[in-house]
Amino acid sequence: MNREQLEREQERAWSTGPGWRALSAVNQKPMGRRYMLTAFVFFLAGGLLALLMRIQLAVPQNDFLGHQAYNEMFTMHGTTMLFLFAVPMLEGAAIYLLPPMIGARDMAFPRLGAFGYWCYLLGGLLLYCSLFVGMMPDAGWTMYTPLSNSRFSPGSGVDFWLIGITLVEIGSITAAAEIAVTILRCRAPGMSLDRMPLFAWYMLVVAFMILFGFPPLILGDLLLEIERAFDWPFFDPERGGDPLLWQHLFWLFGHPEVYIIFLPAAGMVSTMIATFSRRPIAGYPWLVAAAVGTGFVSFGLWAHHMFTTGIPLMSLSFFSAASMTVAIFAGIQVFAWIATLWLGRPVLTTPLLFVAGFLFLFVIGGLTGVMLAVIPFDWQAHSSYFLVSHFHYVLFGGMVFPLFGAIYYWFPTATGKLMSERLGRWNFWLMFAGFNLTFLPMKVAGMMGMPRRIYTYPRGMWEWENFAATTGAFLMAVSILVFIANFVLGMRNGRPAGLNPWNAATLEWATPQPVPTYNFLSLPVIESRDPLWRDGELATAINDGRGLLAHPWFGLRLGVLTTPVSAQLRRLLVLPQSDFAPLVAALVLAAACVAALLKHWSLTALALAAFLLVMLNWFWRQPHPAPGRAHELRQRTGLEVNDGPPEAAGWWGMWTAIGGLGAMYASLVFAYFYLGMQAEDFPQQGAPPALPLLLAAATLALAAGLAHSRRAMSQLAAGIAGLASMGFTLQAAFAADFSPTETALDAASLTLLGSHALQAFVAAIISLFAFAWQRFKPGYAPERTIVANARAFWQYTLITGLISLCINHFWPSLLS
């Protein structure tokens, strides 16, 4: 076939269809665009809320907003910007950019990515529904207890927040799992880790940070919702709970999230600086080490936000030192960027202007962060507007400025056109001036004693600072309007970009602009870190079909799997076609959330059962070809179809899921012992009886052992044994003398037993699914992966189950 014929065949294989069938799209191009467009709409909503707050604070004793309305605006503004804009926007950018950047045709799990997007959208809409039913949350975006419990926040406003944000976080975690496996297994042949673009490195670190950082917040949301719905006192000090437990769980998520937001933006900055400096980035290994180091250290910083809560001074000293340590990694990156600009020949374009603004603002935010890491200073400034200013210099300056530069930079990949440089410069200077006019006076007001979270203030105090801040906020709003106008005009009348308009080095510029749906007509083989600079013929070879998999055999969407470190070619990856299952699954899960919000528990259970059936149907319809077709593919491509561990992408996906579940389980164990240390009778005396716990442990071990076999009947037996373990665990829970509404420790003990019962049930379902696959689809490629996944999940369930059972019986018996 010639090039035109190959392009038509690829378009036919990757097309979704017009009209309502567009909702079934699962590939990364539409998913990335949807993520970013939805996040930008939420950004506008959050910005509008900020303007309303600034109008209220423009002059003293203003009555534009009452205290209740102001609290609602404040809560929704922070929630929108952090949960509905920042992380989803960056994940959407990663989903859109990573495959063409690393030489792949799509993400590793397209349907999972689509499911994550629909969860995010429905969770955000559920949260904003509170606005239209008059039940907006008003306890602050951090939802600190006891302010957020049912006594001080009656009604359903907080429930909207807890349930909606949980759905959003599920979407974020699924996207992170997809990003991690894509980077590790779907890179172009030859793109070893030391040749990987820095943006991919940064997103790999961020993906694992999300996998381990978001589950503690989901656990906290669930515990607080259980307390509000069933009166289990996890955070009630009168019954053995502790409000600080919420802060620990929240900031175990919250401080890593600061770097989850910053690191992708830093990856974008590294890419743009190298391009516009016309040279490779300086200190590539140091930048990688700084990103990895930031990821690790960020998990030791959560109490940085809790210096004023009465934590012992020794603990505060540790977190203070860790807070200063992370600044070292930020400094490494800043100096590497400056060195690249110094050694290169910078071309001052709109994207580079935004990068320069980022460097200025982020350095200010970083320096004030080091100031706040000093414990005595933080005691004075923590509850003042100085912290509000610092927070925005780090997050808005450190994320939004690079993001706008990145939109100008990668705009041609989506449209084939360039945005106006003149309007872009107006956009930058209005935003830069407006930002500093808004948040620099806040530092002054904070040092003059203005507390945060107030809706008005007396005359003669902080007047010029607040009026200047409000003026700057409206100046930023004008800059956003200029950006929107530039974006629309660029789409309609922008100058054609041509091939590689910036003379960049990374692979997304190797194909015609806009980048086609399938990314590459043929897949490249990489031999250097800057492939388009080092190999002038690479783009021509890709676009002429001289690379890998130029022909979409049998109309299939085909990619490759490579080894994680050296990116050696290993397997053929068959990707799924368009599918409505992700949308249906997200709708059913959202229905369960709405039923829980309405306290209709029978409907919640029914919706969750329907969700399980939808997911089983989803997994049953694997994209892998039948055995005969797989054999023919092997003959034509010379590659085995993705067929089993450790090569199979699904096996890697299972282990990333286990990592996220393990983080959530570890957070639950932490909560149990934290509450135990507050209780007078820890370990509690009312432990479950030994017999059902021993039977639960025995059947659990039996199920895990049986799951190691590839025989169908062994998987059936493992499923039955798992259901038996769940039953014995529930029997132990009901037989125990627990009073979950009277003591927090009893509530935590029952939660531990319930979590094991749920895990045993899920593991049993996986084994029963493996049995059904072996009986009804023998010989299909995924069989080995499905069995291996059942074995892996049983190993995890065995370990966590034994820990839960020991904590609930043998540990109290040992110490009593």
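Within each chain, residue numbers correspond to sequence positions counted from 1 in written order. Residue-level local features of this predicted model are given only where pLDDT is at least 70; pairs of side-chain atoms are given and counted only at 80 or more, and the full residue set underlies all totals for whole chains, interfaces and linings. Side-chain figures throughout are based on the complete set of non-hydrogen atoms in the structure, without hydrogens or water.

## A few points about the overall build of the protein chain
Piece 1. A run of H or I in DSSP counts as a helix once it spans at least four residues, and a run of E counts as a strand once it spans at least two, with each numbered from the N terminus. When its secondary structure is counted, the protein chain shows 24 helices and four strands.
Piece 2. Put simply, the radius of gyration uses C-alpha atoms, and a globule should come to 2.2 Å times the residue count raised to 0.38. Against the 2.2 N^0.38 benchmark of 28 Å for 816 residues, the protein chain shows a C-alpha radius of gyration of 27 Å, consistent with a compact globule.
Piece 3. For the protein chain, the C-alpha atoms occupy an extent of roughly 80 × 75 × 45 Å along the three principal directions.
Piece 4. Residues scored as charged are limited to Lys and Arg (positive) and Asp and Glu (negative), so that His and the chain ends carry no count. Where a charge lies is defined by one atom per residue type: Lys uses NZ, Arg uses CZ, Asp uses CG and Glu uses CD. Each charge class in the protein chain can be summarised by its mean position, and for the 45 positive and 42 negative side chains these summaries are 12 Å apart.

## Points about the side chain of histidine 382
Piece 1. If you trace the backbone, histidine 382 turns up in the loop between α11 (375–381) and α12 (385–415).
Piece 2. For histidine 382, a relative accessible area of 9% translates into the label buried.
Piece 3. Here, residues are in contact when the closest pair of their heavy atoms is within 4.5 Å. What histidine 382 contacts, discounting residues up to four positions off in sequence, is His305, Thr308, Leu387 and Arg452. Residue burial is assigned from relative accessible area. The probe radius is 1.4 Å, only protein chains are included, and a residue is buried under 20% of its type maximum, exposed over 50%, and partly exposed in between.

## Quick notes on the pattern of salt bridges
Piece 1. Here, a salt bridge means any Lys or Arg side-chain nitrogen found within 4 Å of an Asp or Glu carboxyl oxygen. Counted according to the given criterion, the structure contains 16 salt bridges.
Piece 2. Between glutamate 7 and arginine 3 there is a salt bridge, with the nearest N and O atoms lying 3.1 Å from each other. Of this pair, glutamate 7 and arginine 3 both sit in helix α1 (residues 3–14), four residues apart, which is roughly one turn of the helix.
Piece 3. For glutamate 7, a relative accessible area of 26% puts it in the partly exposed group.
Piece 4. A relative accessible area of 30% means that arginine 3 is categorised as partly exposed.
Piece 5. One salt bridge connects aspartate 544 with arginine 546, and the closest N-O pair in it is separated by 3.5 Å.
Piece 6. You can call aspartate 544 partly exposed: its relative accessible area is 35%.
Piece 7. Through salt bridges with shared partners, a single ionic network connects Arg3, Glu7, Asp544 and Arg546.

## Points about the nonpolar core
Soluble globular proteins tend to bury their nonpolar side chains together.
Piece 1. Side-chain atoms within 4.5 Å are what join buried Ala, Val, Leu, Ile, Met, Phe, Trp, Tyr and Cys residues into a set we call a nonpolar core. In terms of nonpolar packing, the biggest core is built from 251 residues, with Phe85, Trp246, Trp337 and Phe401 touching the most fellow members.
Piece 2. No other element matches helix α7 (residues 243–277), which puts 21 residues into this core.
Piece 3. For phenylalanine 85, the contacting residues outside a window of four places in its chain are Ala39, Phe43, Thr80, Met399, Val400 and Leu403.
Piece 4. Of all hydrophobic cores here, the second largest spans 10 residues; its members include Ala696, Ala732, Ala733 and Leu805.

## Some details on empty space enclosed by the protein
Piece 1. A pocket, in this scheme, is an open set of points on a 1 Å grid over the protein atoms alone with protein on both sides within 12 Å along at least 5 of 7 lines, while a cavity is a set where a 1.4 Å probe fits but cannot get out; residues line either one if an atom lies within 4 Å of a point. Grid points are joined across faces, edges and corners, and a volume is the space filled by probe spheres set on the points. Under the counting rule described, the total for this entry stands at six cavities of 30 Å³ or more.
Piece 2. In this model, the largest cavity occupies a volume close to 50 Å³.
Piece 3. Lining the largest cavity we find Gly103, Ala104, Arg105, Asp106, Cys186, Leu523, Gly559, Val560, Leu573 and Leu575.
Piece 4. Sorting the residues of the lining of the largest cavity by element identifies β3 (557–562) and β4 (569–575) as the ones contributing at least two each.
Piece 5. Residues were grouped as follows: Ala, Val, Leu, Ile, Met, Phe, Trp, Tyr, Cys and Pro as nonpolar; Asp, Glu, Lys and Arg as charged; and all remaining residues, including Gly, as polar. Considering only residue class, the lining of the largest cavity consists of six nonpolar, two polar and two charged.
Piece 6. By volume, the second largest cavity amounts to about 40 Å³.

## Considerations on the side chain of asparagine 486
Piece 1. Turning to its location among the elements, asparagine 486 is positioned in helix α14 (residues 463–493).
Piece 2. Within the local environment of asparagine 486, its side chain forms a polar contact with the side chain of tyrosine 408, the two groups lying 3.2 Å apart.
Piece 3. Within the structure, asparagine 486 has its side chain in polar contact with the backbone nitrogen of serine 420 (distance 3.0 Å).
Piece 4. Other than its neighbours up to four places away in sequence, asparagine 486 contacts Tyr408, Met419, Ser420, Leu423 and Gly424. For the purposes of these results, a polar contact is taken to be a pair of N or O atoms within 3.5 Å, where, inside protein, one atom must be able to donate a hydrogen and its partner to accept one; residues adjacent in sequence count only when each atom of the pair is a side-chain atom.

## Quick notes on the domain arrangement of the protein chain
Piece 1. The split of the chain into domains comes from an automatic or database domain assignment. For the protein chain, the domain assignment lists domain 1 (28–496), domain 2 (580–615) and domain 3 (651–815).
Piece 2. Taken together, the 16 residues of domain 1 in the interface contact 14 residues of domain 2.
Piece 3. Here the quantity called buried area is the accessible surface, traced with a 1.4 Å probe, that two parts lose on coming together, added over both. With both chains or domains summed, domain 1 and domain 2 bury close to 1200 Å², and 89% of this area falls on carbon and sulfur atoms.
Piece 4. Between glutamate 225 and lysine 599 there is a salt bridge, with the nearest N and O atoms lying 3.7 Å from each other.
Piece 5. Contributions of two or more residues to the side of domain 1 that touches domain 2 are made by α4 (110–132), α5 (157–185) and α6 (198–230).

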